[in-house]
Amino acid sequence: MLKFGASTKGKIGLLVPRSQFLQDANQEFVQGLQLYLTLYGDELNEENCELIIEDIGNAGINSTKEKVEKLLLADKVDVLIGMISYKVALELHPLFESKEKLMLIVNPGAHMIADEAQKPYLFGHSLQCWQHSYMFGQYAASNIGSNVYMFNSLYDAGFDNHTTFAAGFQEAGGTQWGTGITHILSESDPLKEAFDAAPWQEIDWVYAHYTGLKLFQFLEEYANYGAKVPVCLSPMAIAQKIPSRYHHLEGGYISAHCGYHGNETSAYADFVSQCQKYLSQEPSPFTLLGYESGEIAYKLFKLAFLNKGAYNEQINLLKQLRIKSPRGEVVMNPDMQVTQAPLSISQLSLKNGTVSASNLYTQSGISEENQHLEFIRNQPKSSWLHPYG
């Protein structure tokens, strides 16, 4: 629990799956949110506010519901933010509606938001991984190679990342030679059988969608397999701290992601300096996600508690949202109830033991993004329960 001021008048509730899922990444998210409030939350300091952080374990419905009920009913928070899935948020929607509390759902953006998830009281803020995957597919067909093979672990990295990358890649004239699905029976299935089935003579590169321990297993076994084809990792993988020993892959190592490393803007440089000063570390994508969420929380808190704004006023604020993020201006798409921001592609490389990055491409036009959104919106929606069926 982080307190601003000597006594408590207002409260921000934060739900984070810190103990069982991507612990490092989620801790970086919390640090980023706290960093923003420390730097810019002057009115929070003056008016006294508690940031109440609840660990929701694996972010399942039971553990999340228990903590949501505590924050809404016992703690009576003014603003609620959670790193939960839309599936869980939909099941809890009646609770938010009955208490007239807005729920800001924060995540990397593994899924396209299904139509049924667009309900009152539910808004989303993400790293836009699925939008990035669509844009990266278009870029990669012309700039990396027109022939690709994909590897995905079952239930990993978001089905929409897979389908939207393939849609963008094929739209730009690329050929996807298939997908090797791994980890079907267990979390540690050997990958050699999937590697043996890949059409190595036909492809220019491999696009791999993995996170967590399965990511490290893929990198280790791919290196040992000896395929002389470059590997590109999905945006979700870059949330991991990839040990340098995996950067020796035969054929090269490409990492494309949502463009937070290698960004040369002054705003991003300032953000990096702030993270080094206050957190003693370089920012990750999750640090930035938390930092942006801190600004949203700050604005919502000022309206909900300090100015006693009604729920409708909070909704209007979100629909007109403008955040001056280190990655550029972040805005709310009112029709889809989710934020949008400039997207970019970077390449990581290992030099003298240090990971360096360079920005390859930036898409900053919101109108162009809207075209992508409209295309993706008409595609089949995903589900964690059966992502590849």
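Residues numbered from 1 in each chain as written. Predicted model: local features only at pLDDT ≥ 70, side-chain atom pairs only at ≥ 80, totals over all residues. Heavy atoms only, no water.

*Asks:* Before we go on, may I ask you to explain the overall build of the chain in this structure?
*Replies:* Broken down by element type, the chain carries twelve helices and 16 strands. The burial tally for the chain puts 57% of its 389 residues in the buried class. At a minimum sequence separation of 6, the contacts of the chain that also span at least 24 residues come to 71%. When the accessible area of the chain is evaluated, it comes to approximately 16,100 Å², of which 47% is carbon and sulfur surface. (Helix = DSSP H or I, 4+ residues; strand = E, 2+ residues; numbered from the N terminus. Buried < 20%, exposed > 50% of the residue type's maximum accessible area, 1.4 Å probe, protein only. Contact = heavy atoms within 4.5 Å. Areas by Shrake-Rupley, 256 points an atom, 1.4 Å probe, with all protein chains shown as cover.)

*Asks:* Whenever I open this one, the pairing of strand S7 (residues 147–153) confuses me. Can you help?
*Replies:* Side-chain positions along a regular strand alternate between the two faces of the sheet. Within S7, seven of the seven residues are buried, leaving the element largely enclosed by the surrounding structure. Judged by which residues are buried, S7 turns out to be covered on both faces: Asn 147, Tyr 149, Phe 151 and Ser 153 on one side and Val 148, Met 150 and Asn 152 on the other are all buried. Bridge analysis of S7 against strand S8 (residues 175–182) gives six bridges, and the strand direction is parallel. By the bridge assignment, Met 150 is partnered in S8 with Thr 179. (Pairing = 2+ DSSP bridges.)

*Asks:* Before we go on, may I ask you to explain the nonpolar core in this structure?
*Replies:* Generally speaking, soluble globular proteins have nonpolar side chains that are buried together. Within the largest apolar cluster, 66 residues are counted, with the highest numbers of intra-cluster contacts made by Leu 14, Phe 29, Leu 80 and Phe 96. Residue contributions to this core peak at eleven residues, all from helix H10 (residues 285–306). Once residues lying within four places of it in the same chain are set aside, the contact partners of Leu 14 are Phe 29, Val 30, Leu 33, Leu 51, Ile 52, Ile 53, Glu 54, Leu 71 and Ile 81. (Core = buried A, V, L, I, M, F, W, Y, C linked by side-chain atoms within 4.5 Å.)

*Asks:* Looking at this structure, I do not really get the pattern of salt bridges. What am I missing?
*Replies:* This model, assessed by the stated rule, comprises five salt bridges. Between Lys 70 and Asp 75 there is a salt bridge; the shortest N-O distance is 2.5 Å. Residue Lys 70 is classed as partly exposed on the basis of its relative accessible area of 31%. Judged by its relative accessible area of 14%, Asp 75 falls in the buried class. As a salt-bridge pair, Lys 192 and Asp 196 come within 2.8 Å of each other at their nearest N and O atoms. Of this pair, Lys 192 and Asp 196 are both found in helix H7 (residues 192–196), four residues apart, which corresponds to roughly one turn of the helix. Among the ionic contacts, a cluster of salt bridges with common partners joins Glu 54, Lys 67, Lys 70 and Asp 75. (Salt bridge = Lys/Arg side-chain N within 4 Å of Asp/Glu carboxyl O.)

*Asks:* Looking at this structure, how should I read helix H5 (residues 129–143)?
*Replies:* For an α-helix, 3.6 residues make a turn, and residues three or four places apart therefore share a direction. For H5, with 15 residues, the first-to-last C-alpha span of 20 Å sits near the 21 Å given by 1.5 Å per residue. Buried residues dominate H5, accounting for twelve of its 15 residues. Among all positions in H5, only Cys 129, Trp 130, Gln 131, His 132, Ser 133, Tyr 134, Met 135, Phe 136, Gly 137, Tyr 139, Ala 140 and Ala 141 are buried. (Expected span 1.5 Å × (residues − 1).)

*Asks:* Explain unusual backbone geometry to me, please; I cannot follow it from the model alone.
*Replies:* For residues other than glycine, phi is negative in most cases, and the peptide bonds are mostly trans. Its identity is not glycine, yet Lys 76 carries a phi of approximately 55°, on the positive side. As for its placement among the helices and strands, Lys 76 is situated in the loop between helix H3 (61–74) and strand S4 (79–82). For Lys 76, a relative accessible area of 59% translates into the label exposed. Even without a glycine there, the phi angle at Ser 280 is positive, about 60°. Relative to the assigned elements, Ser 280 resides in the loop between helix H9 (266–278) and H10. Looking at Ser 280, the relative accessible area reads 64%, which means it is exposed.

Treat this as a map of the structure, not an account of what it does.
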